Amino acid sequence: MPLYQDQELKIYNSLSSKKEIFKPINEGCVGMYVCGPTVYSNVHLGNVRTFMSFDMIFRYLKHLGYKVRYVRNITDAGHLENDADEGEDKITKKARLEQIEPMEVVQRYTVDFHNILDILNFLPPSIEPTATGHIIEQIELIKNIIGKGFAYEVDGSVYFDVHKFNTSYDYGKLSKRKLDDLIHNTRTLDGQSDKKNPQDFALWKKAEPQHIMRWPSPWGDGFPGWHLECTAMSTKYLGETFDIHGGGMDLKFPHHECEIAQNEAAVGKSPVNYWMHANMLELNGQRMSKTTGNTINPNELLSGNNDKMSKAYSPNAIRFFMAQSSYRSVLDLTDDGLKASEKGLNKLLEAIAIIDKLITSKTSEGFDISTWRQRCYDAMNDDFNSPILIAELFNAVKYINQIKDGTAHISAEDLKLLSLTFNAFIFDILGLKKEASTTEDNTHKLNSTIEILIKLRAEARANKDFALSDQIRDELLAIGIQLKDGKDGTLFSTN
Ligand SMILES: [Zn+2]
């Protein structure tokens, strides 16, 4: 029997602003769409946090036994500067500045994105479609929306008629905005735009002669509007209505609001049952921003090559740090926070290393494993509350150490369940890697290894095997480890 039948998962739905019991459209199957990156620069650490939250959600749904189709797109065209309908295409601009083809920009930053996610132990999505690979689907969708009367063409561009849409549907229901307020808060048009109303958004933009990324369409050469690709691709791979749509908080308006409008205009149905939004990542208590210099990219964080952190942090430490906060809370990235996570992580990994070597007793004493196991599930079932889960894992660490010290006992059967559960949550669901992860941990192991060699060398000398003792000293020196004999024994230095 799949686990999901035993576990009642609740998801905070941004649409209703409530936690709701999760019920997929098709029993045992989940369709999940997450807005992917626009590949015009190195992936932003804030976006990594968002994708990591959905990686954990994907992992938990799979762990529960669901067959999950997880679609995360790559935006490689149509995303204009400032997320508005005006300005240059972000990828075209980068290509112009670097004097390379737009598709070279796309390739470079798609590779960077995949590399970073790979280092951080992400599972690949089931499908990773691109906007440029779905131009035909987007054109068909525009034709459909025009046919339903919710879009209009002006001089080679097509716009979504928000005002007309709002007479039959509710524009703003996700972001809790009212069209009247939007009208009130928008500057009047400066005469440069073809739109009937400033709230309308582009489905198709006419390409000026110098615009490189262009495709033929019934309205002339142009390119799709940014919001359109997600509707076209989610419909194609997950259907007109699917289970979960995720993304960063900043995408709620206008991007996701426009996705809802496009879908409702085209097929008369709301596209998504559960909208999920991951919160922001801050750096040292402030919003990350390139202009203020308060920023750090994933490579800098991993290499230690930055002026914000005292050292490099391992992928495991970064993952663990991010999991220590709920995906719906603002997370503040700090050196102290990362150091504390690294320490906590080492405790967990130490417990993992000894768990299967524990001596069992006839009965368990000091801890109820089945209740604890269910509390771990309860934490994740409560809208993927990973910090509570981690607190439960530390309760188990305490128990594991007590068994090791002989102050608590565990039966063989309970130990099996403890080990299985502990491993599943740490590796399969939180997505931590099995290998020793932190630089601190590796340094500790290296030091212990050198101590072993020093002991062997001392034994060789005591046995008057000077050939061996010199060999140990010389070979260590050759790799940069110097042994210094003194009256308190042998010390070493590394350089
Ligand atoms: Zn999207």
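Residue positions are counted from 1 within each chain, in the order its sequence is given. Whole-chain, interface and lining totals are the exception, using all residues; otherwise, since this is a predicted model, local features are given only for residues with pLDDT of at least 70 and side-chain atom pairs are given and counted only at 80 or more.

## Description of the overall build of the protein
Point 1. Looking only at helices and strands, the protein features 16 helices and 15 strands.
Point 2. Referenced to the eigenvectors of the C-alpha coordinate spread, the extents of the protein come out at roughly 95 × 55 × 35 Å.
Point 3. The buried share of the protein, taken over its 495 residues, is 40%. Only DSSP runs of H or I reaching four residues or more are called helices, and only runs of E reaching two or more are called strands; each is numbered from the N terminus. For the exposure call, what matters is how many other C-beta atoms sit within 10 Å of a residue's own: 20 or more marks it buried, 12 or fewer exposed, and in between partly exposed, using C-beta atoms placed from the backbone.

## Some remarks on the sheet that holds strand S11 (residues 281-283)
Point 1. We treat two strands as partners when DSSP finds at least two bridges between them. Strand order in this open sheet of 3 strands is S12-S11-S13, and the pairing throughout is mixed. At either margin of the open sheet sits one strand with a lone partner, and together these are strand S12 (286-287) and strand S13 (331-333).
Point 2. Looking at chain direction, S11 and S12 are connected through 2 bridges and run antiparallel. Across the sheet, Glu282 pairs through a bridge with Arg287, a residue of S12.

## Considerations on the domain arrangement of the protein
Point 1. What the domain assignment lists for the protein is domain 1 (23-278), domain 2 (305-429) and domain 3 (440-494).
Point 2. Throughout, the edges of the domains are those of an automatic or database domain assignment. Look at where the C-alpha atoms of domain 2 and domain 3 centre, and you get two points 36 Å apart.

## A word on the nonpolar core
Point 1. Think of a nonpolar core as buried Ala, Val, Leu, Ile, Met, Phe, Trp, Tyr and Cys residues chained together by C-beta atoms that fall within 7 Å. Of all hydrophobic cores here, the largest spans 119 residues; its most connected members are Ile142, Ile145, Ala151, Phe160 and Leu203.
Point 2. The biggest single contributor to this core is helix H1 (residues 45-63), with 10 residues.
Point 3. Both domains that furnish three or more residues to this core are identified here as domain 1 (23-278) and domain 2 (305-429).
Point 4. Filtering out sequence-adjacent residues up to four positions away, Leu203 remains in contact with Ile142, Ile145, Ala151, Val158, Tyr159, Phe160, Gly225 and Leu228. It is the C-beta atoms, placed from the backbone, that decide contacts: two residues are in contact if theirs lie within 7 Å.

## Here we look at H1
Point 1. Under the 1.5 Å per step criterion, the end-to-end length of H1 is 26 Å for 19 residues, consistent within 8% with the ideal 27 Å.
Point 2. Of all the 19 residues making up H1, 17 are buried; the element is thus mostly covered by neighbouring parts of the structure. Expected helix span is given by 1.5 Å per residue-to-residue step, counting one fewer step than there are residues.

## What about the packing of helix H4 (residues 135-147) against helix H7 (residues 226-238)?
Point 1. At a minimum axis separation of 9 Å, H4 and H7 run at an interaxial angle of 100°. As summarised for this structure, H4 and H7 are arranged roughly perpendicular, according to the angle between their axes. In this structure, H4 uses Glu137, Gln138 and Leu141 to contact H7, whose residues at the interface are Leu228, Glu229, Thr231, Ala232 and Lys236.
Point 2. Among the residues forming the contact of H4 with H7, the class breakdown is 3 nonpolar, 2 polar and 3 charged. Fitted lines through C-alpha atoms give the axes, limited to the stretch in contact for helices. The angle between two N-to-C directions lies from 0 to 180 degrees. An angle counts as roughly parallel when it lies under 35 degrees, as roughly antiparallel when it exceeds 145, as roughly perpendicular when it falls between 65 and 115, and as oblique in every other case. Three categories are distinguished: nonpolar for Ala, Val, Leu, Ile, Met, Phe, Trp, Tyr, Cys and Pro, charged for Asp, Glu, Lys and Arg, and polar for the others, with Gly belonging to the last.

## Things to note about the sheet that holds strand S9 (residues 242-248)
Point 1. Spatially, S4-S3-S9-S10 is the arrangement adopted by the 4 strands of the open sheet, whose pairing is parallel. Edge positions in the sheet fall to strand S4 (67-72) and strand S10 (272-278), since each of these pairs with one other strand and no more. Strand-to-strand, the axes of this sheet are offset by a mean angle of 20°, without reference to chain direction.
Point 2. Direction of pairing for strand S3 (residues 29-34) relative to S9: parallel, over a ladder of 3 bridges. Pairing of Tyr33 across the sheet is with His245, part of S9.
Point 3. Sheet strands touched by H7: S3, S4 and S9. Its angle to S4, the strand with the most contacts, is close to 160°.

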